Amino acid sequence: MITDLPPLNAVRAFAAAARHESFSRAAEELHVSHSAVSRHIKLLEEHLGVLLFERRIRQSVLTPAGQAFHEQVSVALAQIANAAASLRRGAALRKVTINVRPSFAVRWLIPRLPQFMALYPQIQPEVVTSTLLPDPAKETFDLVIRRGRSGWATTLQPQRLLEDEILVVAAPSLLHSTALNSPDDLSRHTLLVSRTRASDWQKWLEHCGLKPLRTSPTLHFDHMHFVLQACVDGLGLALCPASLLAKDLASGRLICPLPDLRQPLTRYYYALASDAAPEAQVFIDWMLAQIHQDAMDNQVQQLAGNAGPRP
């Protein structure tokens, strides 16, 4: 019966001591003192009414009763360990680990996660950020998202996820004080630059057929999400991927003063790890639905903007 169980901590100490034939080594394995192991085994012997070990000067040897008990206890502890491992594996199937760049996590993924968690409360998304392409041989993840198809591990098969483009954005308060009605006004503004995308302004100007801006002051930041926060705070103009702007544009925190001057960017791709949890595909389908809805919303906004006020 369950009430006849011996003290389980004492059983665990006994199993370790029997396996090592040493109280000291059992203590090291269990991260307790030698005396704690000795007390556990004495308690177990008193509970069972038999001696389990012969205490010698430098060795503890199982008695016949101890040997018989150890054989059965080892099987029982292994069954408990296997049962716990099975439950952990079952729980892991409900977790999806997504490896993304920090800016994509902060500006695209995390603001949308509450909706996913409301739709799929049985799935736990875990967001891991990195600027490097992950190696499945060294890292554990279910899903990875990056720009472009180059540099991926051979075990990953990148699939198209999201088209993107870069555009100029600013806080409304900044444009109220210093207008930006045409590219000629760019030189009147501070340009915000991310060190991870240091050449964006030059490439954008070249793509749009504009002259280099030689007199504009610049502020440099480590990552794009810092650039965007500085932009929201009105410190200057930012060139930003449209994929990272949806929430800021929708809320009015940022606006696009030169909407026709856009430069295409390398699209985003995703890939599943070979041992990805089944729920990873659910997460991908949800992302694709989000991207489709964003495209529909953008079309509606563009049509509304093109219609303009009626006479």
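The rules we used
Residues numbered from 1 in each chain as written. Predicted model: local features only at pLDDT ≥ 70, side-chain atom pairs only at ≥ 80, totals over all residues. Heavy atoms only, no water. Domains from an automatic or database assignment. Helix = DSSP H or I, 4+ residues; strand = E, 2+ residues; numbered from the N terminus. Expected span 1.5 Å × (residues − 1). Buried < 20%, exposed > 50% of the residue type's maximum accessible area, 1.4 Å probe, protein only. Core = buried A, V, L, I, M, F, W, Y, C linked by side-chain atoms within 4.5 Å. Contact = heavy atoms within 4.5 Å. Phe/Tyr/Trp six-rings, centres within 6.5 Å; stacked < 30°, edge-to-face > 60°. Salt bridge = Lys/Arg side-chain N within 4 Å of Asp/Glu carboxyl O. Disulfide = S-S within 2.5 Å. UniProt positions renumbered as here; feature names shortened; annotations may be inferred. Lys, Arg positive; Asp, Glu negative; His and termini not counted.

Thoughts on the domain arrangement of the protein chain
As a measure of interface size, the accessible area lost when the parts come together is often cited. Examined at the domain level, the protein chain breaks down into domain 1 (8-88), domain 2 (94-162 + 267-300) and domain 3 (164-265). Distance from the C-alpha centre of domain 1 to the C-alpha centre of domain 2: 47 Å.

Thoughts on helix 3 (residues 34-48)
The end-to-end C-alpha separation of helix 3 is 21 Å, in line with the 21 Å expected for 15 residues at 1.5 Å each. Among the residues of helix 3, those classed as buried are Ala36, Val37, Ile41, Leu44 and Glu45. Just downstream of helix 3 lies Gly49, where phi reads positive at about 80°.

Looking at the nonpolar core
One finds Ile145, Phe283 and Met287 to be the most contacted residues of the largest nonpolar core, which totals 36 residues. At the level of secondary structure, the elements contributing two or more residues to this core comprise strand 3 (95-100), helix 5 (102-119), strand 5 (143-147), strand 6 (159-169), helix 8 (224-232), strand 9 (237-241), strand 10 (263-272) and helix 10 (279-307). Each of domain 2 (94-162 + 267-300) and domain 3 (164-265) gives at least three residues to this core. With near-sequence residues (within four places) excluded, Ile145 lies in contact with Ile98, Asn99, Val100, Arg101, Phe104, Leu161, Tyr268, Tyr269, Tyr270 and Met287.

Quick notes on the side chain of Asp248
With respect to the helices and strands, Asp248 occurs in helix 9 (residues 246-251). Classification of Asp248 by relative accessible area gives buried; the value is 2%. Contacts of Asp248, omitting those with residues within four sequence positions, involve Arg107, Val232, Arg253 and Leu254.

Here we look at the packing of aromatic side chains
With the rule as written, the count across this model stands at 10 aromatic pairs. The interplanar angle of 45° and the centroid separation of 5.3 Å between the aromatic rings of Phe14 and Phe69 together place this pair among those described as tilted. A residue pair is termed long-range when its members are at least 10 positions apart, and Phe14 in helix 1 (residues 8-20) and Phe69 in helix 4 (residues 64-92) qualify at 55 residues. Residue Phe14 is classed as buried on the basis of its relative accessible area, which comes to 0%.

Observations regarding unusual backbone geometry
If you check the backbone angles, Glu21 has positive phi at about 55° while not being a glycine. Within the element layout of this structure, Glu21 appears in the loop between helix 1 and helix 2 (23-30). Note on Glu21: relative accessible area 37%, which makes it partly exposed.

A closer look at the pattern of salt bridges
The final tally for this structure, using the stated rule, is 12 salt bridges. Of the charged contacts in the structure, one is a salt bridge between Arg112 and Asp294, with a shortest N-O distance of 2.6 Å. One end of the pair, Arg112, is in helix 5; the other, Asp294, is in helix 10, and 182 residues separate them in sequence. Since its relative accessible area comes to 4%, Arg112 is described here as buried.

Some details on the state of the cysteines
Overall, the coordinates contain zero disulfides when judged by the stated rule. In this structure Cys256 is a free cysteine whose sulfur lies 11 Å from that of Cys240, the closest cysteine sulfur available.

Description of the UniProt feature "domain: HTH lysR-type" (unreviewed entry) in the protein chain
Sequence positions flagged by UniProt for "domain: HTH lysR-type" (unreviewed entry) are, in local numbering, residues 6-63. Annotated as residues 6-63, this span is 62% helix and 10% strand, and its ends, taken at the C-alpha atoms, are 18 Å apart.

So, the environment of Thr218
In this fold, Thr218 is placed in strand 8 (residues 218-221). With 183 residues separating them along the chain, Thr218 and Ser35 place their C-alpha atoms 67 Å apart.

Re the side chain of Asp142
Along the chain, Asp142 turns up in the loop between strand 4 (124-129) and strand 5. Despite its burial, Asp142 pairs with no opposite charge, the nearest such side chain being Lys95 at 7.1 Å. Once you skip the residues sitting within four places of it in the chain, Asp142 turns out to touch Lys95, Val96, Thr97, Ala271, Leu272, Ala273, Asp275, Ala276, Ala277 and Ala280.

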